[in-house]
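Letter by letter, the chains look like this.
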Amino acid sequence: MSSPTTVVVLDNGGGLIKAGLGGERDPSTILPNCLYRSPASKKWLHPNPLPTTTTTTPTTEPDLTSAAVRRPIDRGYLINPDLQREIWSHLFSSILRINPSHSSLLLTEPLFTLPSIQRSLDELVFEDFNFNSLYIADSPSLVHLYEASRRPDTLVSRAQCSLVVDCGFSFTHASPVFQNFTLNYAAKRIDLGGKALTNYLKELVSFRAVNVMEETFIMDDVKEKLCFVSLDVPRDLHIARNRGKENLFRSTYVLPDGVTHMKGFVKYPEQARRYLSLADGGLSHPLEEDMNCLEFAQHPEERKTVDLTKNEFDLTNERFLVPEMIFHPADLGMNQAGLAECIVRAVNSCHPHLHPVLYESIILTGGSTLFPQFAARLEKELRPLVPADYNVKITAQEDPILGVWRGGSLLASSPDFEAMCVTKSEYEEHGSARCHKRFFH
């Protein structure tokens with residue numbers, strides 16, 4: 001071809017699609033990987049892209065109250081190729097505005113993807129969209145590549161070894177990476193991610209306050225804005241039982257009314273952040289505005305009036321009990337290990353010479369690691385399980401949601417990227433199974 005081939009980097013997550021061109025620092029768009037339909041409509045619609053550094057928030061916010069949602073990916077794996085084709089078609093033609101037949105594609109794929117799902121993805125890429133070539137990458141290796149290049153003086157770069165903890169939308173993986181290859185035999189998985197946490201929060205709020213079982217988008221927003229990881233669960237449960245200003249966890253979320261505001265919001269944000277004083281080992285004095293916010297709590301009869309007349313609900317211990325499931329899945333009835341034990345099992349599956357390096361180069365990525373105090377709690381849980389002569393160092397990515405995409409963009413800009421890809425002619429000649437052998441070692 002006379003012109004250089006465009007490389008499209010596509011991090012196709014279960015919750016969000018991050019898409020853009022190789023060589024760029026940030027993706028061109030971040031798009032929910034779903035279609036939605038409001039109760040007043042019969043048509044399934046594409047949600048608006050999320051605001052990024054290169055885009056602005058849309059002027060018109062759609063009403064997502066009680067919206068039904070269809071997702072092509074369930075529990076991390078593609079289950080509806082037709083729906084994924086529709087979403088990708090909208091992405092390539094209306095948002096990225098690229099010609100797939102003149103482009104290469106770097107696509108992320110979950111660990112342990114079944115061959116039948118790989119064939120479906122290959123058909124989408126080569127037969128439906130006619131991409132020139134394809135490279136399949138897994139998330140842990142891309143995260144390692146980005147962190148090693150971003151911080152060349154660290155152990156991750158010098159030893160070319162790390163343990164990537166990916167807490168995503170559908171599941172959580174602890175994956176050792178060595179020489180930029182994920183050690184699949186040592187990767188451990190917890191069937192718990194952001195979607196399960198949102199569903200658990202829905203159940204808690206619906207049982208205690210107002211029915212929100214159909215409010216997926218709203219409860220995602222509640223989880224992201226109000227939930228945090230507790231550093232001392234028994235202490236925080238005791239504090240959550242207090243009344244009035246002594247309860248540092250009580251916060252109020254106002255639901256959208258469809259008239260004055262289309263999105264929910266946190267009422268009294270300063271009040272919602274008071275729990276941070278516990279991390280310093282003491283209780284701070286409430287601010288004046290917090291006293292005004294909490295005035296109704298001292299008058300039970302006024303509190304009932306507020307609850308009945310305003311479209312809002314309070315959260316207390318739900319704020320830290322929901323993320324707690326990542327560390328103790330058994331509390332949800334799941335017969336699985338918590339995150340700290342999952343990491344130890346992943347490390348123990350590797351050669352003993354790698355153990356001290358892996359514990360000292362743990363990288364957190366994925367949207368579910370954005371909960372405040374996540375890294376501190378993980379280190380607190382992990383330290384007693386690790387031999388005393390090993391150091392434990394946990395590093396959170398600067399942007400856990402974009403970390404995988406940035407690693408893919410870096411790989412796509414390397415000079416020998418095209419040589420690593422499977423071309424459409426090779427796919428037509430050898431088929432999907434033969435081509436995929438190139439990506440796994």
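The structure under discussion appears in the preceding block.
No experiment lies behind these values; they were computed from the predicted model shown.

Participant: Where do I start with the environment of Ala187 in this structure?
Facilitator: Mapped onto the secondary structure, Ala187 falls in the loop between strand 12 (181–182) and strand 13 (188–190). The sequence separation of Ala187 and Ser349 amounts to 162 residues, and the corresponding C-alpha distance is 8.3 Å. In contact with Ala187, not counting residues within four places along its chain, are Leu111, Phe112, Ala174, Ser175 and Pro176.

Participant: What exactly am I supposed to notice about the packing of helix 3 (residues 139–150) against helix 16 (residues 403–412) here?
Facilitator: The description of two helices packed together rests on the angle between their axes and the distance between the axes. Contact geometry of helix 3 with helix 16 gives a least axis separation of 7 Å together with a crossing angle of 75°. Between helix 3 and helix 16, the angle falls in the class roughly perpendicular. Seen from helix 3, the contacting residues are Ser139, Leu142, Val143, Leu145, Tyr146 and Ser149; seen from helix 16, they are Gly403, Val404, Arg406, Gly407, Gly408, Leu410 and Leu411. Taken together, the residues that form the contact of helix 3 with helix 16 break down as seven nonpolar, five polar and one charged.

Participant: Is there a simple way to think about the sheet that holds strand 14 (residues 251–254) in this case?
Facilitator: Sheet strands associate in pairs through backbone hydrogen bonding, adopting either a parallel or an antiparallel arrangement. Overall, antiparallel pairing links the three strands, which are arranged 15-14-16 in an open sheet. One side of each edge strand has no neighbouring strand; the edge strands of this open sheet are strand 15 (265–267) and strand 16 (312–315). Going across the sheet, the axis of each strand differs from the next one's by a mean of 35°, ignoring polarity. Bridge count between strand 14 and strand 16: four bridges; the pairing is antiparallel. Across the sheet, Tyr253 pairs through a bridge with Phe313, a residue of strand 16. The strands that helix 6 (residues 216–226) touches are strand 14, strand 15 and strand 16; relative to strand 14, the one it contacts most, it runs at about 150°.

Participant: Mind showing me how you'd approach the pattern of salt bridges here?
Facilitator: A pair can form between side chains of opposite charge whenever their charged atoms are brought close. Per the counting criterion, the structure on display carries 21 salt bridges. In this structure, Glu398 and Arg25 form a salt bridge, with 3.2 Å as the shortest nitrogen-oxygen distance. Taken as a pair, Glu398 in the loop between strand 18 (394–396) and helix 16 and Arg25 in the loop between strand 2 (16–21) and strand 3 (29–32) lie far apart in primary sequence, 373 residues in all. Note on Arg25: relative accessible area 48%, which makes it partly exposed. Note that Arg85 and Asp82 form a salt bridge whose closest N and O atoms lie 2.9 Å from each other. In this pair, Arg85 and Asp82 are both assigned in helix 1 (residues 81–96), three residues apart and thus about one turn of the helix distant. What you see here is one network of salt bridges that share partners, running through Arg25, Asp26, Glu147, Arg150, Arg151, Glu398 and Arg406.

Participant: Sorry, what's going on with unusual backbone geometry here?
Facilitator: Only a minority of non-glycine residues have a phi that is not negative, and only a minority of peptide bonds are not trans. Look at Asn130: it is not a glycine, yet its phi comes out positive at around 60°. Here Asn130 lies in the loop between helix 2 (115–128) and strand 9 (133–137). One non-glycine residue, Tyr268, lies in positive phi territory at about 60°. Topologically, Tyr268 is positioned in the loop between strand 15 and helix 8 (269–272). Classification of Tyr268 by relative accessible area gives partly exposed; the value is 29%.

The rules we used
Residues numbered from 1 in each chain as written. Predicted model: local features only at pLDDT ≥ 70, side-chain atom pairs only at ≥ 80, totals over all residues. Heavy atoms only, no water. Helix = DSSP H or I, 4+ residues; strand = E, 2+ residues; numbered from the N terminus. Contact = heavy atoms within 4.5 Å. Axes fitted to C-alpha atoms, helices over the stretch in contact; angles between N-to-C directions. Parallel < 35°, antiparallel > 145°, perpendicular 65-115°, else oblique. Nonpolar A, V, L, I, M, F, W, Y, C, P; charged D, E, K, R; others polar. Pairing = 2+ DSSP bridges. Salt bridge = Lys/Arg side-chain N within 4 Å of Asp/Glu carboxyl O. Buried < 20%, exposed > 50% of the residue type's maximum accessible area, 1.4 Å probe, protein only.

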